[in-house]
Amino acid sequence: MSDFLLQLSKNKAARRVVRSLPLPIPLPEALRRDSGPLGDRPLADRAVAIGFADGAELAALLASTLGAAGADPYLAGEAHVPAFRDAGEAYGRPARPIDALGSRAFDALVLDATGVRDVPGLRALFTFFNGHGQRLARSGHAVVLVRMRRDASADEQAARAAVTAFMKSLAKEIGRKGCTANIVEVEDGADARLGGVLRFLLSGRAAFVTGQPIRVSSLASFAEERVVHGPRLERRVALVTGAARGIGEATVRRLAQEGAHVVCRDRPSDSSATTQLARSIGGTPLHVDQTEADAPAMVADALRSFGGVDVVVLNAGITKDRTLAKMSVEDWDRVLEVNLASAIRLVRALEPLLRTGGRIIGMASIAGIAGNVGQTAYAASKAGFSGLARGLAPALAARGITVNAIAPGFIETRLTAAIPVAVREVARRLSALGQGGIPDDVASLVAFLASGDAQGITGQTVRVCGGSFVGA
Ligand code: NAI
């Protein structure tokens, strides 16, 4: 069933009336999402306010990244004007003082807090967001950059932890306007990989990603570092399991839009939906049940005929929710087998076929982070993908392959439509954005993680949960 409050909020007159009522929950904001293939200027004409804490290290990189992405930069303070002047000339995007935007709102706020090494340094967060937070447009994006120094002192680590909690809190405050707030943690030596992450987080492709720290590292080496624009996955082969509907279907469509040849795999009982989907995107259907003993070999054979695989999305999953006391051993076994064990067997079979710079992306869940009543089996199976990502990432890094898990929150699909109505309504609302996500929100994150822009992200679990109060 669709979200009644969200539908209501899309009507201007109704929105005005409802906002004037003393309701216990705010009316959710219809999110501004960017769709279609990732272009070379994803931030074209977006007004971005940029602030710097003392000792900021990434001004030049911010200047070139935002300039190349087409953004209009507005600077708080004078200190980094020269870096932006050079980039402004190169991209025709001259930086202006932050007050030059007049009464218009900013599409994004970025604070370079890489110089913050102690608690007094945190004042920069207060000053920047207290001063300019109100000027963030609806569906706008706030990002703070922090440095993950190998030799960070205890003072510095305390300050860094404080930044994360600050941004998670800000996410909850600005979420009612449909805005997001995220933290990018840049490891020593990984600066060149920041740009792609910012292009994603500051765009409407990340509309449902909020309250989330994302780590950028140099772990997964890849000589052919991609700063290419335009279709990102041309000549790439992608496998999506559980492709027939919901998140899987949206992921197939999004990867195909980016130029990948997508092998759509689902159960034989779903063969007509899978075939139709594959046909509509020029991909290949594959009707193999995840739990068949010879499934890994059959999938590997199919991919071998394409000369290997670049992107593996482990999305197939089921729920069989029961409290532990009422759960049968058959249900326990089935959930662990379909969701996790069979996926791990598949990964093992596909490892040799993964090409340099490849991607493994497993569909976890916030239930796997927080646990949930009636979901001991489901949560355990989903958390397994986070462990798999951590365990496998270092081993595959030398081949430039990244391994990550995605933890969706409440996403409007068949799976969540089956939840009892009262529980479903609570699950939707208990989040910073006060609404469920759509399958395309997850698909956008998959497409980003599959692209060269995410070469610095590996071994992580990235939430796409609208700032869910569960497991955040
Ligand atoms: P869905 O039920 O709409 O789609 C799941 C797909 O997996 C179906 O097409 C199904 O046929 C396929 N599948 C199930 N068992 C299979 C098997 N044995 N072999 C091959 N394919 C099989 O579910 P939805 O909502 O699209 O979820 C996709 C993934 O995202 C699942 O892993 C789910 O656990 C995860 N997820 C979903 C959330 C949500 O709010 N919808 C939240 C968190 C995680």
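Source: prediction; values computed, not measured. (Residues numbered from 1 in each chain as written. Predicted model: local features only at pLDDT ≥ 70, side-chain atom pairs only at ≥ 80, totals over all residues. Heavy atoms only, no water.)

Comments concerning the overall build of the chain
Operational definition: For the purposes of this entry, the term helix denotes a DSSP run of H or I that reaches at least four residues, the term strand denotes a run of E that reaches at least two, and both are numbered from the N terminus. The reference for a compact globule is 2.2 Å times residues^0.38; the radius of gyration itself is calculated from the C-alpha atoms. Type-normalised accessible area, obtained with a 1.4 Å probe on protein chains alone, sets the label of each residue: buried when under 20%, exposed when over 50%, and partly exposed for intermediate values. Working rule for contacts: check all heavy atoms of both residues, and any pair within 4.5 Å makes them a contact. In this description, accessible areas are obtained by the Shrake-Rupley approach with a 1.4 Å probe, and a residue is regarded as covered only by the protein chains that are shown. Under this rule, positive means Lys or Arg and negative means Asp or Glu; His and the chain ends count for nothing. Throughout, a charge is located at the NZ atom of Lys, the CZ atom of Arg, the CG atom of Asp or the CD atom of Glu.
In terms of helices and strands, the chain carries 16 helices and 14 strands. At 22 Å, the chain has a C-alpha radius of gyration in line with the 23 Å of a compact globule built from 472 residues. Looking at the chain residue by residue over its 472 residues, the buried ones come to 57%. In the chain, the proportion of contacts linking residues at least 24 apart, taken out of those at least 6 apart, comes to 76%. For the chain, the computed accessible surface area is about 19000 Å², with 55% contributed by carbon and sulfur atoms. The centroid of the 56 positive side-chain charges in the chain is displaced by 5 Å from the centroid of its 46 negative side-chain charges.

Observations regarding a nonpolar patch on the surface
The line we're drawing: A residue counts toward a patch only above 30% relative accessible area and without a salt bridge, and it is joined to like-charged neighbours within 9 Å or, for Val, Leu, Ile, Met, Phe, Trp and Tyr, to nonpolar neighbours within 5 Å. Basic side-chain nitrogens of Lys or Arg form a salt bridge, by our definition, when they fall within 4 Å of a carboxyl oxygen of Asp or Glu.
A cluster of nonpolar residues, Val426, Leu430 and Phe469, forms a patch on the protein surface that exposes about 270 Å² of accessible area. Inspection of the secondary structure assignment puts Val426 in helix α15 (residues 421–429).

Details of the site of the ligand
Put simply, the rule reads: Whether a residue is near a molecule or strand is decided by its heavy atoms; if any one of them lies within 4 Å of it, the residue is near. Polar contact criterion, stated in full: a pair of N or O atoms within 3.5 Å, where within protein one must be able to donate a hydrogen and the other to accept it, and residues adjacent in sequence count only if both atoms are side-chain atoms.
Asp266, Asn315, Tyr378, Lys382 and Thr413 are the nearest of the 28 residues found near the ligand. A distance of 2.8 Å separates a nitrogen atom of the ligand from a polar backbone atom of Gln290. The side chain of Thr413 places a nitrogen or oxygen atom 2.6 Å from an oxygen atom of the ligand. Elements with a minimum of two residues in the shell around the ligand: α8 (246–257), α13 (376–396) and α14 (414–417). Among the elements that line the shell around the ligand, the one with the most residues is α14, at three residues.

Let's talk about the pairing of strand β5 (residues 136–148)
For clarity, the cut-off: At least two DSSP bridges between two strands are needed for those strands to be called paired. Note on handedness: a crossover is taken as right-handed if, strands pointing away from the viewer, the path from the first strand over the helix to the second is clockwise.
The buried fraction of β5 is high, at 12 of 13 residues. Bridge analysis of strand β4 (residues 106–112) against β5 gives six bridges, and the strand direction is parallel. The partner of Val110 across the bridge, within β5, is Val143. Handedness of the β-α-β unit built from β4, helix α5 (residues 123–132) and β5 comes out right-handed. In terms of strand pairing, β5 meets strand β6 (residues 180–187) through eight bridges, oriented parallel. Its bridge partner being in β6, Met148 is matched across the sheet by Glu187.

Let's talk about the environment of Gln375
Within the secondary structure layout, Gln375 lies in the loop between α12 (367–370) and α13. Note on Gln375: relative accessible area 9%, which makes it buried. Each C-alpha atom of the pair Gln375 and Met327 lies 9.8 Å from the other, and the pair is 48 residues apart in sequence. In this structure, Gln375 is in contact with Thr319, Asp321, Arg322, Ala367 and Ala380, ignoring residues within four places of it in sequence. Among the polar contacts listed, one links the side chain of Gln375 to the side chain of Asp321, at a separation of 3.0 Å.

Things to note about the side chain of Asp266
Its place among the elements puts Asp266 in strand β9 (residues 261–266). Salt bridges are absent for the buried Asp266, whose nearest opposite-charge side chain, Arg267, sits at 4.2 Å. Within the local environment of Asp266, its side chain forms a polar contact with the backbone nitrogen of Ala243, the two atoms lying 3.1 Å apart. Ignoring any residue separated from it by four or fewer positions in sequence, one finds Asp266 in contact with Gly242, Ala243, Ala244, Thr274, Leu286, His287 and Val288.

A look at the pattern of salt bridges
Where charged atoms from two side chains of opposite charge approach closely, those side chains can pair. Considering all chains together, one arrives at 26 salt bridges under this definition. Where Arg93 meets Asp72, a salt bridge forms, and the shortest distance between an N and an O atom there is 2.7 Å. Of this pair, Arg93 sits in the loop between α4 (81–91) and β3 (96–97) while Asp72 sits in strand β2 (residues 72–75); the two residues are 21 residues apart in sequence, bridging distant segments of the chain. Like Asp72, Arg93 is buried.

Regarding the domain arrangement of the chain
The condition that has to hold: In this entry, domain limits derive from an automatic or database-based domain assignment. Throughout, buried area stands for the accessible area (probe radius 1.4 Å) lost by two parts on being put together, summed over both. Residue polarity follows a fixed list, in which Ala, Val, Leu, Ile, Met, Phe, Trp, Tyr, Cys and Pro are nonpolar, Asp, Glu, Lys and Arg are charged, and the others, Gly among them, are polar.
Domain annotation of the chain identifies domain 1 (1–30), domain 2 (31–216) and domain 3 (237–464). The C-alpha centroid of domain 2 is placed 30 Å from the C-alpha centroid of domain 1. Across the contact, four residues belong to domain 1 and seven residues belong to domain 2. Taking both partners together, domain 1 and domain 2 bury about 400 Å²; carbon and sulfur atoms supply 46% of that area. Here domain 1 and domain 2 share one salt bridge between them. Glu29 is paired through a salt bridge with Arg138; the nearest N and O atoms lie 2.9 Å apart. Across the domain 1-domain 2 interface, the total number found is two residue pairs in polar contact (both at pLDDT 80 or more). For the side of domain 1 that touches domain 2, a count of residues per class yields two nonpolar, no polar and two charged.

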